[in-house]
Amino acid sequence: MEKRQLQGHIAAAVCVCTWGVTFVAVVHLLQHFSPFEVLFFRFGLATLALYLVYPKRMRKTTRREELLFAGAGLAGVTLYFLAQDFALLNTSASNVGVIVAVSPVFTGLLTWRFLGGGRPTRSFFAGFLLAICGIGLISFAGSQLELHPIGDLLAVSAALCWAVYCIFTKKISGLGHHIIQTTRRIFLYGLVFLLPVLIAMELQTGLGLERFLIPTNLGAMLFLGLGASASCFLLWNFSLKQLGPVKTSAYIYLVPLVTVAASVLFLGERVTWTSAAGIALTLVGLVLSNRAPRGQTEKV
């Protein structure tokens, strides 16, 4: 395996390890903030951090480039996180975890259709089925499967939005801009699309900054803004450039595994045989999804 490909795999793994525990921060903040506010403060903080780290201005862009940035910001920031947060308010976290894990399939199909990548292989779909079965065992161990149409549909929408974001970002990676510049430009567009709705619905009574005087609120927002957003989006975009959208997106399968590990480490929960079987199936599914037939590589 080439060095840069290995770096791409490591970057994607770090992202999912971080995103696997963000549910703790999000669930806590949703008790004090609306989904719109969580998103606005989270990515506002992330954008500011990226400007402080790398203040150099981006060279002049074309209209096509700005459309790519805008599309990525709309799909991967505004729509994805709003759909996910509202899904958590309307269905179970288990349902959301399983449904959002469908995004690698959407990514594979969109890559084939719009980036000229190879047709998704049998091993890719076999890996998907194994991973979804594994994630189902992990997510619903000890609980009953219940359908919540509105929340579940929002979760499907979130999965599709993330796939679209990966396609836009892969195109952006070939433009020659610095990765920090492109990531913060994407964040800015996400905030621009969010701001009108936020002003109309949430900020009529003020910013409510006093809520950040609560240490847990401040800590959770710093974790989401600096860790899960600024740092992880940089790593994810780097991984997309090195591995391509299909292989990178397959790492989404690991998020529920990280959630289980976090529950064991921080909440004292025990791993059941059902969860263990789910972990094994998911790992096998990830390996299968990342396999490519001889002589065929993902177009990157």
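Just above, that's the structure.
First, a word on scope: everything that follows refers to the structure included in this document. These numbers come from a predicted model, not from an experiment.

## Regarding the nonpolar core
One recurring pattern in soluble globular proteins is that nonpolar side chains are buried together.
1) Next: Counting residues in hydrophobic clusters, the biggest one holds 74 residues, and the most contacted among them are W19, F43, W162, Y165, F233, W236 and Y253.
2) Next: Not counting the four nearest positions on each side in its chain, W236 is found in contact with A12, C15, V16, W19, W162, Y165, C166, T248, S249, Y251 and I252.

## Overview of the pattern of salt bridges
1) Next: Per the counting criterion, the structure on display carries two salt bridges.
2) Next: Linking E37 and R211 is a salt bridge whose minimum nitrogen-to-oxygen distance equals 3.1 Å. You can see E37 sitting in helix α3 (residues 35-53) and its partner R211 sitting in the loop between α9 (179-201) and α10 (215-243), a full 174 residues away along the chain. Side by side, E37 and R211 carry an identical accessibility label, which is buried.

## So, helix α1 (residues 3-19)
An α-helical segment advances 3.6 residues per turn. Residues three or four places apart therefore align on the same side.
1) Next: Over its 17 residues, α1 extends 24 Å from the first C-alpha to the last, a length consistent with the 24 Å expected when each residue adds 1.5 Å.
2) Next: Turning to α1, its buried residues number three or more, namely G8, H9, A11, A12, C15, V16, T18 and W19.

## As for the packing of helix α4 (residues 63-90) against helix α8 (residues 149-172)
1) Next: α8 packs onto α4 with a crossing angle of 160 degrees between their chain directions and a minimal axis gap of 8 Å. Classed by the angle they form, the pair α4 and α8 counts as roughly antiparallel. As α4 packs across α8, the resulting crossing turns out to be left-handed.
2) Next: Its residues placed into classes, the contact of α4 with α8 shows 19 nonpolar, six polar and one charged.

## Details of the packing of aromatic side chains
1) Next: Taken as a whole and assessed by the stated rule, the structure comprises 19 aromatic pairs.
2) Next: Relative to F41, the ring of F33 lies with its centre 6.1 Å away and its plane at 75 degrees, an arrangement referred to as edge-to-face. Accessibility assignment for this pair places F33 and F41 in one class, buried.
3) Next: An angle of 75 degrees between the planes, with centres 4.9 Å apart, marks the rings of F43 and F187 as edge-to-face. One end of the pair, F43, is in helix α3; the other, F187, is in helix α9, and 144 residues separate them in sequence. This pair shows no difference in class: F43 is buried, exactly as F187 is.
4) Next: Three or more aromatic residues link up through ring pairs in this structure, and these residues are W19, F43, Y80, F81, W162, Y165, F187, F233 and W236.
5) Next: It is R113 that lies over the ring of F114; its NZ or CZ is 5.1 Å from the centre.

What counts, and at which threshold
- Residues numbered from 1 in each chain as written.
- Predicted model: local features only at pLDDT ≥ 70, side-chain atom pairs only at ≥ 80, totals over all residues.
- Heavy atoms only, no water.
- Core = buried A, V, L, I, M, F, W, Y, C linked by side-chain atoms within 4.5 Å.
- Buried < 20%, exposed > 50% of the residue type's maximum accessible area, 1.4 Å probe, protein only.
- Contact = heavy atoms within 4.5 Å.
- Salt bridge = Lys/Arg side-chain N within 4 Å of Asp/Glu carboxyl O.
- Helix = DSSP H or I, 4+ residues; strand = E, 2+ residues; numbered from the N terminus.
- Expected span 1.5 Å × (residues − 1).
- Axes fitted to C-alpha atoms, helices over the stretch in contact; angles between N-to-C directions.
- Parallel < 35°, antiparallel > 145°, perpendicular 65-115°, else oblique.
- Left-handed = near helix turned anticlockwise from the far one by under 90°.
- Nonpolar A, V, L, I, M, F, W, Y, C, P; charged D, E, K, R; others polar.
- Phe/Tyr/Trp six-rings, centres within 6.5 Å; stacked < 30°, edge-to-face > 60°.
- Lys NZ or Arg CZ within 6 Å of the ring centre and 35° of its normal.

Nothing here speaks to function; it is geometry throughout.
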